[in-house]
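Chain by chain, the residues run as shown.
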Amino acid sequence: MVRVRFAPSPTGNLHIGGGRTALFNWLFCQSQAGKFILRIEDTDQERSKKEYVDEILFSLKWLGFNWDELYYQSQRFQNYREQADKLLKNGSAYIERSPEGKEAVIYKVPQKKILVNDLIRGQIEFDSSLIKDQVLIKSDGTPTYNFACVVDDAQMNITHIIRGDDHISNTPKQVLIYEALGFSLPQFAHLPLIMGVDGGRLSKRTGATAISDYRKMGYLSEALLNYLLLLSWAPGDNRELITVAEAVKLFDIKHVNKTSATFDLKKLDWINNQYLKLADPQLLAEELIPLLAAKHYIDPDNYDRDYLLSLIKLFQARLPRLNDFVEWSDFFFLEEPVIDPAAKEKYLSQDLSREFGMFAQRLNNLASFDIASIETSFRELVADLGIEAKKLIHPVRVALTGKTIGPGLFEVIYYLGKERSSRRLLKWVK
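Participant: How should the overall build of the protein be read in this particular structure?
Facilitator: Across its full length, the protein holds 19 helices and 12 strands. Summarising its shape, the C-alpha atoms of the protein cover approximately 100 × 50 × 35 Å along the three principal directions. The proportion of buried residues among the 430 residues of the protein is 50%. Considering only contacts within the protein whose residues lie at least 6 apart along the sequence, 74% involve residues at least 24 apart. When the accessible area of the protein is evaluated, it comes to approximately 20,800 Å², of which 48% is carbon and sulfur surface. For the protein, the distance from the average position of its 55 positive side-chain charges to the average position of its 56 negative side-chain charges is 3 Å.

Participant: It is not clear to me how the packing of helix α7 (residues 221-229) against helix α9 (residues 265-278) should be interpreted in this structure. Could you clarify?
Facilitator: Geometry of a packed helix pair, given as the angle between the helix axes and the separation of the axes. Between α7 and α9, the shortest axis-to-axis distance is 9 Å and the interhelical angle comes to 135°. With respect to α9, the axis of α7 lies oblique. Two packed elements cross with a definite hand, and for α7 against α9 that hand is right-handed. Between α7 and α9, the residues in contact are Glu222, Ala223, Leu224, Asn226 and Tyr227 and Lys267, Leu268, Ile271, Asn272 and Tyr275, respectively. Along the lines of polarity and charge, the residues of the contact of α7 with α9 split into 6 nonpolar, 2 polar and 2 charged.

Participant: Would you take a moment to explain the pattern of salt bridges for this structure?
Facilitator: Two side chains carrying opposite charge are able to pair once their charged atoms lie near each other. Enumeration over the complete set of coordinates arrives at 24 salt bridges. Here Arg305 makes a salt bridge to Glu286, at a shortest N to O gap of 2.7 Å. Pair noted here: Arg305 is in helix α11 (residues 305-315) and Glu286 is in helix α10 (residues 281-294), with a separation of 19 residues, a long-range link. According to the relative accessible area criterion, Arg305 is partly exposed, its value standing at 25%. For Glu286, a relative accessible area of 47% puts it in the partly exposed group.

Participant: Help me understand the environment of Asp306 in this model?
Facilitator: Position of Asp306 relative to the elements: it lies in helix α11. Among the residues examined, Asp306 registers a relative accessible area of 58% and is labelled exposed. With 24 residues separating them in the primary sequence, Asp306 and Gln282 have C-alpha atoms 9.7 Å apart.

Participant: Looking at this structure, I do not really get helix α17 (residues 389-401). What am I missing?
Facilitator: Because each turn of an α-helix spans 3.6 residues, side chains separated by three or four positions end up pointing in the same direction. With 13 residues, α17 extends 18 Å from end C-alpha to end C-alpha; this agrees with the ideal 18 Å at 1.5 Å per step. Within the sequence span of α17, burial applies to Leu392, Ile393, Pro395, Val396, Arg397, Val398, Ala399, Leu400 and Thr401. Count one or two residues on from α17 and you reach Gly402, which has phi positive near 80°.

Participant: What exactly am I supposed to notice about unusual backbone geometry here?
Facilitator: Unlike most non-glycine residues, Ser232 shows phi in positive territory, near 95°. Relative to the helices and strands, Ser232 is located in the loop between α7 and α8 (244-250). Judged by its relative accessible area of 3%, Ser232 falls in the buried class. Here Asp237, not a glycine, exhibits a phi torsion of approximately 60°, which is positive. Relative to the elements of secondary structure, Asp237 occurs in the loop between α7 and α8. On the basis of relative accessible area, Asp237 is assigned to the exposed category, the value being 76%.

Participant: Before we go on, may I ask you to explain the packing of helix α16 (residues 371-385) against α17 in this structure?
Facilitator: Two elements in contact, α16 and α17, have axes whose closest approach is 9 Å; the angle formed by their N-to-C orientations is 125°. Comparing the axis directions of α16 and α17 gives the class oblique. In this structure, α16 meets α17 at a crossing whose hand is right-handed. The segment α16 lies against α17, with Phe378, Arg379, Leu381 and Val382 engaging Ala389, Leu392 and Ile393. For the contact of α16 with α17, the class distribution of residues is 6 nonpolar, no polar and 1 charged.

Participant: For this particular structure, what's the right way to read the sheet that holds strand β8 (residues 134-137)?
Facilitator: Within a sheet, neighbouring strands are paired by backbone hydrogen bonds and run either parallel or antiparallel to one another. Taken in spatial order, the 3 strands of this open sheet run β4-β5-β8, and their pairing is antiparallel. Here the strands that pair on one side only, and so sit at the sheet edges, are β4 (93-97) and β8. Across the sheet, the mean angle separating the axes of adjacent strands is 40° when strand polarity is ignored. Here β4 pairs with strand β5 (residues 103-107) via 5 bridges, running antiparallel. Paired with Tyr94 across the two strands is Ile106, which belongs to β5.

Participant: What should I look at first to understand the pairing of strand β1 (residues 3-6) in this one?
Facilitator: Regular strands place side chains that alternate from one sheet face to the opposite one. Of the two faces of β1, the one holding Arg3 and Arg5 and the one holding Val4 and Phe6 are both buried throughout. Pairing analysis gives 4 bridges linking β1 to strand β2 (residues 35-40), with the strands arranged parallel. In the strand pairing of β2, Phe6 is matched with Leu38. Where the polypeptide runs from β1 across helix α1 (residues 16-31) and back to β2, its parallel neighbour, the crossover connection is right-handed.

Participant: I tried to follow the state of the cysteines on my own but got confused; where do I start?
Facilitator: A disulfide bridge is the covalent bond that connects two cysteines by way of their sulfur atoms. Under the definition given, this model contains 0 disulfides. The closest cysteine sulfur to the non-disulfide-bonded Cys29 is located on Cys149, 18 Å from its own sulfur. For Cys29, a relative accessible area of 0% puts it in the buried group. Take Cys149: its relative accessible area is 0%, and that puts it in the buried class.

Participant: What is the right way to read the packing of aromatic side chains from this model?
Facilitator: Geometry of an aromatic ring pair is reported as the spacing of the ring centres plus the angle between the planes. Inspection of the entire model under this criterion finds 17 aromatic pairs. For the ring pair Trp233 and Phe251, a centre distance of 5.5 Å and an interplane angle of 55° mean the geometry is tilted. A residue pair is termed long-range when its members are at least 10 positions apart, and Trp233 in the loop between α7 and α8 and Phe251 in the loop between α8 and β12 (261-263) qualify at 18 residues. Taken individually, Trp233 and Phe251 each receive the classification buried, so the pair is uniform in this respect. Among the aromatic residues, those joined into a ring-pair cluster are Tyr214, Tyr219, Tyr227 and Phe263. Geometry around Phe24 places Arg20 over its ring, the cationic atom sitting 5.8 Å from the centre.

Calculation criteria
Residues numbered from 1 in each chain as written. Predicted model: local features only at pLDDT ≥ 70, side-chain atom pairs only at ≥ 80, totals over all residues. Heavy atoms only, no water. Helix = DSSP H or I, 4+ residues; strand = E, 2+ residues; numbered from the N terminus. Buried < 20%, exposed > 50% of the residue type's maximum accessible area, 1.4 Å probe, protein only. Contact = heavy atoms within 4.5 Å. Areas by Shrake-Rupley, 256 points an atom, 1.4 Å probe, with all protein chains shown as cover. Lys, Arg positive; Asp, Glu negative; His and termini not counted. Charge placed at Lys NZ, Arg CZ, Asp CG, Glu CD. Axes fitted to C-alpha atoms, helices over the stretch in contact; angles between N-to-C directions. Parallel < 35°, antiparallel > 145°, perpendicular 65-115°, else oblique. Left-handed = near helix turned anticlockwise from the far one by under 90°. Nonpolar A, V, L, I, M, F, W, Y, C, P; charged D, E, K, R; others polar. Salt bridge = Lys/Arg side-chain N within 4 Å of Asp/Glu carboxyl O. Expected span 1.5 Å × (residues − 1). Pairing = 2+ DSSP bridges. Right-handed = clockwise from strand over helix to strand, strands pointing away. Disulfide = S-S within 2.5 Å. Phe/Tyr/Trp six-rings, centres within 6.5 Å; stacked < 30°, edge-to-face > 60°. Lys NZ or Arg CZ within 6 Å of the ring centre and 35° of its normal.

Rendered as structure tokens:
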């Protein structure tokens, strides 16, 4: 049976690169009806933090990854010591004593050529003469990364190791330890690095942010997964939108690109928008209620849910990120809109008292206050004034919302209501 593992270190949060590695492991596992193993590599007891473990587990669950088995390396130190002793006994390792008398276990690297048939990159050749003797157990009794990895992967029966290509330099060292311990080699697949749009390594500016932060910024997990899928793999037929369930049926690890992937926030925003368009407003409301409450826009214990859902439907087709709703829709919740200074200068610097006054009066006189009637009233007004609609539509929008862009003006007026719309217009009547 195929068994893969994702092995994060809890010395920091789960970032985009780790999220993609977890996804490709999980995807390969699902496509092969295998097992997905989660191993927390917390041997660095000074830097490993429970808060990071919690964040990693939360992020993986949010992304939808369910693991079949969970291990912590900090609970397996005896295993590493036992395997190191085997190497000492068969002469593959030796003891190195520090001036303080502490002992470290060192593996003596044999001189040989090492061939690895990488599932993505093909055959890779290494020369072990370029590798110095490897520390297995440090003088403080903790195992080194490469040694703990080999022992765990072997004892957990991991069949495929799928990880970033920044680990390629570790592969020959691990292969040597596998051979020294008499373990069967797994198959290796090294994913290309994810780069920023500037061609450099990912940074905070170019997207190297924790998975949990993407959730807080208003990205849907389905959209983020869809985008991560496209970083080094493609479903074919120029498709860009694909669910994980669909990807499981199409995924082949051998079809992963060898070249580095580019992380583009604009592309992620576009994909997120596609998912937001189709999302259930009820589910979006659950995410937005705490954000709106934090701004004191609503009382979470006493608000008009139907009204909120109507506003979400009004905006959701336009949103790149769900959290943008809070800023974009603020004029519906504030007593008075916050007017953008540049918009005020451009559209409200001239005296529009007559036009605004007439429109406010017509809105107040509407017997049926619905979107169609509001639009008719506006069209009749600009016809009577002998002006183009655009001459008035932009100033009215800024007066009502404080912004130059947004949903359809007549929908905005409808959801603001007759009284608020009229009052905001009359504020500009001298």
